[in-house]
Amino acid sequence: MRTVLRLAVYPGSFDPPTLGHLDVIERAAKLFDRLIVGVGVNSAKTPLLSADERMEALRRSTAHLDNVEIEAFSGLLVNYAQDRGARVIVRGLRATADFEYEFQMAMVNRRLASEVETVFLVTKWEHSYLSSSIVREVALLGGDYRGLVPEAVAELLEVALAHRGVS
Ligand code: PNS
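Reading the values: rules and limits
Residues numbered from 1 in each chain as written. Predicted model: local features only at pLDDT ≥ 70, side-chain atom pairs only at ≥ 80, totals over all residues. Heavy atoms only, no water. Helix = DSSP H or I, 4+ residues; strand = E, 2+ residues; numbered from the N terminus. Rg over C-alpha atoms; globule rule 2.2 N^0.38 Å. Buried < 20%, exposed > 50% of the residue type's maximum accessible area, 1.4 Å probe, protein only. Contact = heavy atoms within 4.5 Å. Areas by Shrake-Rupley, 256 points an atom, 1.4 Å probe, with all protein chains shown as cover. Lys, Arg positive; Asp, Glu negative; His and termini not counted. Charge placed at Lys NZ, Arg CZ, Asp CG, Glu CD. Phe/Tyr/Trp six-rings, centres within 6.5 Å; stacked < 30°, edge-to-face > 60°. 1 Å grid on protein atoms, 1.4 Å probe; cavity = no way out; pocket = protein on both sides within 12 Å on 5 of 7 lines; lining within 4 Å. Points joined across faces, edges and corners; volume = space filled by probe spheres on them. Nonpolar A, V, L, I, M, F, W, Y, C, P; charged D, E, K, R; others polar. Near = heavy atom within 4 Å. Patch = residues over 30% accessible without salt bridge, like charges linked within 9 Å, V, L, I, M, F, W, Y side chains within 5 Å. Salt bridge = Lys/Arg side-chain N within 4 Å of Asp/Glu carboxyl O.

Q: Which parts of the structure should I look at to understand the overall build of the chain?
A: Scanning the chain from N- to C-terminus turns up six helices and five strands. N-terminal to C-terminal, the α/β element order of the chain is β-α-β-α-β-α-β-α-β-α-α. Since a compact globule built from 167 residues should have a radius of gyration of about 15 Å, the 16 Å found for the chain is in line with a globular shape. Considering only C-alpha atoms, the chain reaches an extent of 55 × 35 × 30 Å along its principal axes. Looking at the chain as a whole, 47% of its 167 residues qualify as buried. Looking at the chain alone, contacts between residues at least 24 apart form 77% of all its contacts between residues at least 6 apart. By element, 53% of the accessible surface of the chain is carried by carbon and sulfur atoms, the whole surface being about 9400 Å². Computing the positive centroid from 19 side-chain charges and the negative centroid from 22, the chain places the two 5 Å apart.

Q: How should I be thinking about the packing of aromatic side chains in this particular structure?
A: Note on aromatic pairs: each is described by the distance of the centres and the angle between the planes. According to the stated counting rule, one finds three aromatic pairs in the structure shown. Ring geometry for Phe-73 and Tyr-80: centres 4.8 Å apart, planes at 15 degrees, overall stacked. Across the pair, exposure class does not vary: Phe-73 and Tyr-80 are buried alike.

Q: Would you explain empty space enclosed by the protein in this entry?
A: Regions of empty space are outlined by a rolling probe, equal in size to a water molecule, passed over the atoms. Following the criterion strictly, the structure yields one cavity of 30 Å³ or more and no others. Of the voids in this model, the largest cavity is the one considered here, and its volume is about 30 Å³. Considering the residues around the largest cavity, the lining is formed by Ile-89, Arg-91, Glu-102, Met-105, Ala-106, Asn-109 and Thr-118. Looking at the lining of the largest cavity element by element, the count peaks at four residues for helix α4 (residues 99-112). For the lining of the largest cavity, the residue count by class is three nonpolar, two polar and two charged.

Q: I would appreciate a short explanation of the site of the ligand in the present structure.
A: Every residue near the ligand is listed here: Pro-11, Gly-12, Ser-13, Phe-73, Gly-75, Leu-76, Leu-77, Arg-91, Tyr-101, Met-105 and Asn-109. Protein contacts shield 69% of the accessible area of the ligand, which totals 550 Å² for the unbound molecule. In terms of residue class, the shell around the ligand is built from six nonpolar, four polar and one charged.

Q: Where do I start with the side chain of Thr-123 in this structure?
A: Within the fold, Thr-123 resides in the loop between β5 (117-122) and α5 (132-140). For Thr-123, a relative accessible area of 9% translates into the label buried. Sequence-distant contacts of Thr-123, that is, excluding residues within four places in its chain, are made with Gly-20, Asp-23, Val-24, Leu-93, Arg-94 and Ser-128.

Q: Just checking my understanding: could you explain a nonpolar patch on the surface for this structure?
A: Taken together, Leu-76, Val-108 and Leu-112 make up a surface patch of nonpolar side chains, about 260 Å² in accessible area. With respect to the secondary-structure elements, Val-108 resides in helix α4. Accessibility expressed as a relative area gives 45% for Val-108, which makes it partly exposed.

Q: What's the story with the environment of Glu-126 in this structure? I'm lost.
A: Relative to the elements of secondary structure, Glu-126 occurs in the loop between β5 and α5. The class for Glu-126 is partly exposed, based on a relative accessible area of 44%.

The quantities given are spatial measurements derived from coordinates; they are silent on function.
In structure tokens form, the structure reads like this:
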């Protein structure tokens with residue numbers, strides 16, 4: 001039976017969302033009728049931005065994409081994807097360094113739910129060095145993170161850092 005891939009989930013920590021994440025979202029939004037961006041909530045981790053802040057940052061950055069929704073999720077990713085009726089998980093690949101972790105995650109997810117496929121999208125060359133952890137480090141050390149994150153994220157990040165006494 002032919003499967004029409006209409007709905008995909010793009011999960012991540014997005015702490016904060018970067019231009020690389022936005023690039024993957026824009027690419028995925030063209031491939032699928034509907035894209036749900038799932039912000040992972042992990043109670044064992046203390047993120048820089050709260051789940052609400054990350055979701056707001058993503059909502060503002062994707063306001064131009066009418067088939068993209070932003071949600072939070074906790075627990076197993078495959079359970080979340082299945083609850084939403086999605087058979088595709090989208091992940092971005094920047095460089096070969098990402099591959100081992102992504103391969104492991106895709107294999108575990110396939111073992112947990114064989115009908116859910118992981119689809120990898122390759123980010124733009126100019127975003128291939130970007131990561132949330134690099135942006136966090138630059139931001140926390142007072143460096144200029146504009147140009148690494150979408151404008152809306154930079155604005156929210158500035159407010160969030162000021163609230164935390166970092167400027
Ligand atoms: O942006 P990240 O930090 O690489 O995203 C990681 C995320 C949130 C997608 C991953 O940690 C995840 O899927 N968490 C949910 C828990 C889970 O399903 N674990 C098993 C798969 S490895």
